[in-house]
Amino acid sequence: MGQQIYHPFQSFKFGNRNCFLTGQALTSEEERVQVFPQWLMSLYELEDKPFKMLDESMATYKDIKIPCAAAVNDEYLEPLENKIAAAFESGYDAVKELDDQLLFQWAAKMLYGLIFNEVQGGIKLQHSKGEEFNISQSIIHKFDNLHLMLQSLNLPLVFEDFKPYSIFLFKVDNNPLEFGYRDEINTLTFSLRIRDFGLVMCLQDNGANYSYHREMYDKIKNEVLHPIQFEEFCGRVFYSAYLFNRLPEYNVLEANDEIYIEAMPLRGTSSKPLFDTWLNKIYGQVLESFWKNWGFLLLEIIKNPEQPMSFLFNPDGSYINASTIELSR
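Cut-off values and rules
- Residues numbered from 1 in each chain as written.
- Predicted model: local features only at pLDDT ≥ 70, side-chain atom pairs only at ≥ 80, totals over all residues.
- Heavy atoms only, no water.
- Helix = DSSP H or I, 4+ residues; strand = E, 2+ residues; numbered from the N terminus.
- Expected span 1.5 Å × (residues − 1).
- Buried < 20%, exposed > 50% of the residue type's maximum accessible area, 1.4 Å probe, protein only.
- Polar contact = N/O pair within 3.5 Å; in protein donor to acceptor, adjacent residues only side chain to side chain.
- Phe/Tyr/Trp six-rings, centres within 6.5 Å; stacked < 30°, edge-to-face > 60°.
- Lys NZ or Arg CZ within 6 Å of the ring centre and 35° of its normal.
- Contact = heavy atoms within 4.5 Å.
- Pairing = 2+ DSSP bridges.
- Salt bridge = Lys/Arg side-chain N within 4 Å of Asp/Glu carboxyl O.
- Axes fitted to C-alpha atoms, helices over the stretch in contact; angles between N-to-C directions.
- Core = buried A, V, L, I, M, F, W, Y, C linked by side-chain atoms within 4.5 Å.

Enquirer: Break down helix 5 (residues 100-128) for me, citing the residues and quoting the values.
Expert: For helix 5, which comprises 29 residues, the first-to-last C-alpha distance of 42 Å matches the rise-based estimate of 42 Å (1.5 Å per residue) to within 8%. Of all 29 residues making up helix 5, 22 are buried, and the element is well covered by its neighbours. At the N-terminal end of helix 5, a side-chain oxygen is found 2.9 Å from the backbone nitrogen of Gln101, two or three residues along, and the residue is Asp99. The positive-phi residue at the C-terminal boundary of helix 5 is Gly130, with phi of around 75°.

Enquirer: With reference to specific residues and values, describe the packing of aromatic side chains.
Expert: Using the criterion set out here, one finds 42 aromatic pairs in the structure. Centre to centre, the rings of Phe244 and Phe275 are 5.4 Å apart; their planes meet at 45°, and the pair counts as tilted. Of this pair, Phe244 sits in the loop between helix 8 (227-243) and strand 11 (250-255) while Phe275 sits in the loop between strand 12 (258-263) and helix 9 (280-290); the two residues are 31 residues apart in sequence, bridging distant segments of the chain. Here the two residues Phe244 and Phe275 agree in accessibility, since each one is buried. Of the aromatic side chains, those joined through ring pairs into one cluster are Phe36, Trp39, Tyr44, Phe51, Tyr61, Phe88, Trp106, Phe179, Tyr181, Phe190 and Phe197. Positioned over the ring face of Phe290 is Arg182, at 3.8 Å from the centre of the ring. Taking the ring centre of Phe313 as reference, the NZ or CZ of Lys219 above it sits at 5.5 Å.

Enquirer: Just give me the short version of the side chain of Ser310, but keep the residues and values in it.
Expert: Summarising the element assignment, Ser310 is placed in the segment after helix 10 (298-301). Residue Ser310 is classed as buried on the basis of its relative accessible area of 19%. At 3.0 Å, the side chain of Ser310 forms a polar contact with the backbone nitrogen of Leu312. Only 3.1 Å separates the side chain of Ser310 from the backbone nitrogen of Phe313, close enough to count as a polar contact. Excluding its chain neighbours within four sequence positions, the residues that come into contact with Ser310 are Glu232, Arg236, Trp291 and Ile320.

Enquirer: Give me the pairing of strand 11: which residues, what numbers.
Expert: Residues in a regular strand project their side chains so that they alternate between the two faces of the sheet. Taken together, the six bridges between strand 11 and strand 12 define a ladder with antiparallel strand orientation. Directly across from Glu254, in strand 12, lies its bridge partner Ile259. Where strand 11 folds back on strand 12, the antiparallel hairpin that results is connected by two residues, among which Asn256 adopts a positive phi of roughly 50°.

Enquirer: Would you mind going over the pattern of salt bridges in detail, with residue names and values included?
Expert: One pass over the full model with this rule turns up twelve salt bridges. Residue Asp100 is joined to Lys163 by a salt bridge in which the shortest nitrogen-to-oxygen separation is 2.8 Å. Remark: Lys163 occurs in the loop between strand 5 (157-159) and strand 6 (166-172) and Asp100 occurs in helix 5; sequence separation between them is 63 residues. The class for Lys163 is partly exposed, based on a relative accessible area of 43%. Note that Glu178 and Arg193 form a salt bridge whose closest N and O atoms lie 2.9 Å from each other. Of this pair, Glu178 sits in the loop between strand 6 and strand 7 (180-184) while Arg193 sits in strand 8 (residues 189-194), and the two are 15 residues apart along the sequence.

Enquirer: How would you summarise the environment of Thr189 if you had to cite specific residues and measurements?
Expert: Relative to the helices and strands, Thr189 is located in strand 8. Once the C-alpha coordinates of Thr189 and Asp173 are considered, the two residues, 16 residues apart in sequence, prove to be 23 Å apart. If we skip the residues at most four places from it in the chain, Thr189 touches Leu111, Arg182, Asp183, Glu184, Met201, Cys202, Val237, Phe238 and Ala241. Side-chain polar atoms of Thr189 contact the side chain of Thr187, separated by 2.9 Å.

Enquirer: Give a detailed account of the sheet that holds strand 5, specifying residues and quantitative values.
Expert: Spatially, 5-12-11 is the arrangement adopted by the three strands of the open sheet, whose pairing is mixed. Each having just a single partner strand, strand 5 and strand 11 make up the two edges of the open sheet. Within this sheet the neighbouring strands show an average axis-to-axis angle of 25°, counted without direction.

Enquirer: I'd like a description of the nonpolar core, backed by residues and values.
Expert: Soluble globular proteins tend to bury their nonpolar side chains together. Counting 115 residues, the largest nonpolar core has Phe20, Phe36, Tyr181, Phe190 and Phe233 as the members making the most contacts within it. Examining the composition of this core, we find that 14 residues originate from one element, helix 5, more than from any other. The residues touching Phe233, leaving out its near neighbours within four places in the chain, are Phe168, Phe170, Val200, His213, Met216, Tyr217, Ile220 and Leu312.

Next up, the structure:
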């Protein structure tokens, strides 16, 4: 094979001298790309807006960059950005027509870019204190697998009869000027609400969260949601991603100039369910955060602990039509 799989977490190469995707040496530390693409930042005037990192430090969107070989950017990243930008510009119908692997690659590049910056910052901070950088093996395992899957951009990677991700897409009656972005790096979960659509993804669950929410998703996926309904569904997915208690494992096999990725069964030898027990009080706390724009407090949300407040479903389980919801956007 020509190109080989790159494993940055084996050698902890998180300087600015190697391409984040391929590991190849760069000619200059200036060879970098934006984590949040320029077209998206321009659309919502994000360049100078603050972005809080995990260590509570603040950066601006335009400050968050990753080292990337110019040829890699030209051949792989730019064509991907152009496809995504064109679809996002058109809106929901065009996004729905996209191959969902492209959406996965696009979101994975952003999330991995943030991870790269977080790890880089953590290494610098620990070294400045004369300490070794520590990160849990399970988190390294998860991040390394995400990076492996991201290399489907530049390597002939084949996912054998599985998708490493869950994707949920909705048409949403958004304020066209609003940029709704959220991520949770530990669970590799991501949501975006812009234009006339909302997208929520779990990037390393082999479709488990899709299965978990499938019945509910099937009921509402063809509806036009109010933003608070979309955020409610996001809250459910972010919480279930937190409850997901497996660490996916993969077999990697190279044959006939292709790299085959085979997912090991999630159940493995454990008799435990794939998800820990859903607790409405914790879910209510998640929902309070997702509904911050509308000012709902935890006590209101879990007034009935057995049936938290919902803008998606009536107590009898029937769908609440978005047109009947009277809230300011």
